[in-house]
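The lines below spell out each chain.
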Amino acid sequence: MRPALAVTGFLLKRLLFAAGTLLAVSLAVFAATEILPGDVAGAVLGQSATPEALAALRASMHLDLPASVRYLHWLGGMVTGDVGHSLVNNRPVSELIGSRLPNSLLLAGAATAFCVPIGLLLGICSAMRPTSVFDRVTSVATLSIVAVPEFFIGTLAVLVFAVNLRWFPALTLSPRIDSVEGFFRSMTLPVLSLSGIIIAQIMRMTRAALLDVLRRPYVEMARLKGVVGARLVLFYALPNALGPIANALALSLSHLLGGAIIIETIFNFPGLAKLLVDAVSTRDMPLVQACTMLFCLAYLILGTLADIAGMLANPRLRAS
Amino acid sequence: MSSTVEREPAHVVIKRPRRMPIPLLGWVGIVVVAFWLIMAVFGPMLTPHPAGEVIDPDGFGPMVPGMWLGSDVLGRDVLSRIMAGAQTTVGPAIAATLLAVFIGGTLALAAAAVGGWIDTALSRTMDAVISVPSLLFGLVAVAALGVSVPVLICTAGVIYVPGAFRIWRSLAVNVNAMDYVSVARERGEGMPYIMRREILPNLLGPVLADCGLRFVFAVLLLSSLSFLGLGIQPPDADWGSMVRENLPGLIYGAPAAIFPAAALATLTIGVNLLVDNLPGRER
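Small disclaimer: the values here were computed from a predicted structure and weren't measured.

The rules we used
- Residues numbered from 1 in each chain as written.
- Chains lettered and ligands numbered in written order.
- Predicted model: local features only at pLDDT ≥ 70, side-chain atom pairs only at ≥ 80, totals over all residues.
- Heavy atoms only, no water.
- Contact = heavy atoms within 4.5 Å.
- Buried area = accessible area lost by both parts, 1.4 Å probe.
- Salt bridge = Lys/Arg side-chain N within 4 Å of Asp/Glu carboxyl O.
- Polar contact = N/O pair within 3.5 Å; in protein donor to acceptor, adjacent residues only side chain to side chain.
- Helix = DSSP H or I, 4+ residues; strand = E, 2+ residues; numbered from the N terminus.
- Nonpolar A, V, L, I, M, F, W, Y, C, P; charged D, E, K, R; others polar.
- Buried < 20%, exposed > 50% of the residue type's maximum accessible area, 1.4 Å probe, protein only.
- Axes fitted to C-alpha atoms, helices over the stretch in contact; angles between N-to-C directions.
- Left-handed = near helix turned anticlockwise from the far one by under 90°.
- Core = buried A, V, L, I, M, F, W, Y, C linked by side-chain atoms within 4.5 Å.
- 1 Å grid on protein atoms, 1.4 Å probe; cavity = no way out; pocket = protein on both sides within 12 Å on 5 of 7 lines; lining within 4 Å.
- Points joined across faces, edges and corners; volume = space filled by probe spheres on them.

Caption draft 1: Geometry of the interface of chain B and chain A. Of the residues lining the interface, 37 residues belong to chain B; the matching set on chain A comes to 38 residues. Regarding the contact of chain B and chain A, the summed buried area is about 3,100 Å², with carbon and sulfur atoms giving 84% of it. In this assembly, chain B and chain A are joined by zero salt bridges. Counting the contacts that link chain B with chain A gives three residue pairs in polar contact (both at pLDDT 80 or more). Mapped by element, the contributors of at least two residues to the side of chain B that touches chain A are α4 (116-130), α5 (134-145), α10 (204-227), α11 (239-246) and α12 (258-276) of chain B. Tallying contributions element by element places α12 of chain B first for the side of chain B that touches chain A, with nine residues. Partitioning the side of chain B that touches chain A into residue classes produces 26 nonpolar, eight polar and three charged.

Next comes the structure, spelled out in structure tokens:
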């Protein structure tokens, strides 16, 4: 098969797998949240509802239809953006999500812009001199950061920077983007706390990818010819490690999702993850469903990008 | 006895020296993990004050003798609550780990030993389950089933089945290709026998290390859920929920939220150190 065709084939296969997974996830989410919790109409109207009112509400919510029909109806709503009304305050779910999504994207974007350069730089530096003091210190530090819970880093950051040093507010009730100073004041702590684990992941994976390339025979050859130090790593090894590094970046960024759930709770940040956690505690199922699907979609996109980047950067995979 | 001796060579894939020195960091890990395990068993009996008793009417009290780590939001002794909370933190996580490793390991051995479409179907299913972020999975499960300790254990167990499955399967496939497994097959041994007696004993080393890491994941997941208020419910408290209830005190500089989080950190780092420095583990 010609390489171009093989690439298209691979992309199609990967996208199909992602779509299939998303469909399976949607089925699982629907099954878990629609079928298990019992009667939604009863939950909405409360215990004093008359049977007639219950029946009427069930009919208007299509609860009298079989589950398979309701699933297709629900899936259609997900695709077209009509994702129902919140059970708690009766506002359209799309409106609730729409008001939170920009904040979450801002947080994720700021964290990405902060983490990627630092993580890459640290990873490349420690791969240049493995077993050096710098490498050992960063290894232990990143291992510890990955091992401890996210809320430990978050609460420690609040105690040090918000309470003791009083540099930043401890809560982010509304992220401010009207001024540069307001942006930094409201976003620094959440971004910092979210960044720890992501920087650590990027650094470790970049280091591993580079070291793997540095062990190859052609690098040994270059070394024997007298290429050493930064030149060897940057111009000989790095180009061949770009695929695995891009893969690692996408995988590390998927930690943003889980991290955001914790960090948005610590800082009371008005984002999507906080919306999801609140929806779970009030058992507001339409909201839980929509938020979960959005998170899974983002996670799948990152995972697929990681695979595609890894594949495109490897000529041998590309050709096979 | 003689039959054990005859079978012995089949159970040893690579001969390792009997004793390998454990590095210092490994000992640190062992001590820390052993400490918290003892706490998980005896902690509730050893507390200086009853975990639920209000001893400081003001709350968020300072660190003084007799109340070494200060008091929490309701004026309870933080040290006592951390000691008692070891059980609610470690217990469910161990149960979830065992569940995940049991289900994942059994399925993986079956997939490796049977092969064919069963292997493909199981592997694909696991790939799909693993493509959901674990905390998100936990949130949906709690939304659907409500919060209770059995639900939490089963949820965390199911979440970490695919990870255990992948490791076990990749190891088991290698062992499955060994001559002695083929011999057992030719001998006409049944599938359960091959899984249990031929493949399983040769996986134990690496699989134990994997158990440790899966335990860390389970601890982090369960305490994260507790931190969100969707895990262990009052009056029981694990370390995650203790961080949550003491979070407001942070603004007044009360460290009551930091100590349980730090306890969690020592436990997870301790297990990591232990696993990384297990004797005979490739580094």
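Picking up where we left off.
Caption draft 2: Geometry of the side chain of Q201 of chain A. Residue and element names in this part refer to chain A. Among the secondary structure elements, Q201 is positioned in helix α8 (residues 180-214). Under the relative-accessibility criterion, Q201 is labelled buried at 15%. In contact with Q201, other than residues within four places in its own chain, are V146, S252 and H255.

Caption draft 3: Just the packing of α5 of chain B against helix α6 (residues 149-159) of chain B, in detail. Residue and element names in this part refer to chain B. Between α5 and α6, the least distance of the axes is 10 Å, while the angle of their chain directions is 145°. Read as a crossing pair, α5 and α6 show a hand that is right-handed. Within the contact between the two elements, α5 uses S134, F137, G138, A141, V142 and L145 and α6 uses V151, L152, T155, V158 and I159. Partitioned by chemical class, the residues of the contact of α5 with α6 number eight nonpolar, three polar and no charged.

Caption draft 4: Just the pattern of salt bridges, in detail. Applying the stated criterion to the full structure yields 16 salt bridges over all chains. We note a salt bridge from R14 of chain A to D307 of chain A, for which the minimum N-O separation is 2.6 Å. Taken together, the residues span a long stretch of sequence, with R14 of chain A in helix α1 (residues 3-35) and D307 of chain A in helix α13 (residues 285-312) at a distance of 293 residues. Residue classification places D307 of chain A among the partly exposed residues on the basis of a relative accessible area of 32%. Here R187 of chain B and E189 of chain B are joined by a salt bridge, their closest N and O atoms 3.0 Å apart. A residue is classified by how much of its surface remains accessible, and E189 of chain B, at 27% relative accessible area, is partly exposed.

Caption draft 5: The environment of R214 of chain B, seen in detail. Residues and elements named next belong to chain B. Turning to its location among the elements, R214 is positioned in helix α10. Between the C-alpha atoms of R214 and V101, which are 113 residues apart in sequence, the distance is 8.4 Å. In contact with R214, not counting residues within four places along its chain, are T97, Y160, G163, A164 and I167.

Caption draft 6: Local environment of the nonpolar core. All names here are of chain B. By size, the foremost hydrophobic cluster in this structure holds 137 residues, and its most contacted members are L139, L228 and W239. Of the residues forming this core, the biggest block, 15 residues, is contributed by helix α3 (residues 78-114). Setting aside anything within four residues of it in sequence, one finds W239 in contact with W36, I82, G85, A86, T89, P260, A263, L264 and L267.

Caption draft 7: Local environment of empty space enclosed by the protein. Residues and elements named next belong to chain B. All chains considered together, the criterion is met by one cavity of 30 Å³ or more. Its boundaries defined by the atoms lining it, the largest cavity holds a volume of some 50 Å³. Taken together, T88, T89, P92, L152, V219, L222, S223, S226, G231, I232 and D238 make up the full set of residues lining the largest cavity. Among the elements of the structure, α3 and α10 are those that each provide at least two residues to the lining of the largest cavity. Counting residues per element, the lining of the largest cavity draws most heavily on α10, at four residues. Residue classes in the lining of the largest cavity are distributed as five nonpolar, five polar and one charged.

All quantities given are derived from atomic positions and should not be read as evidence of function.
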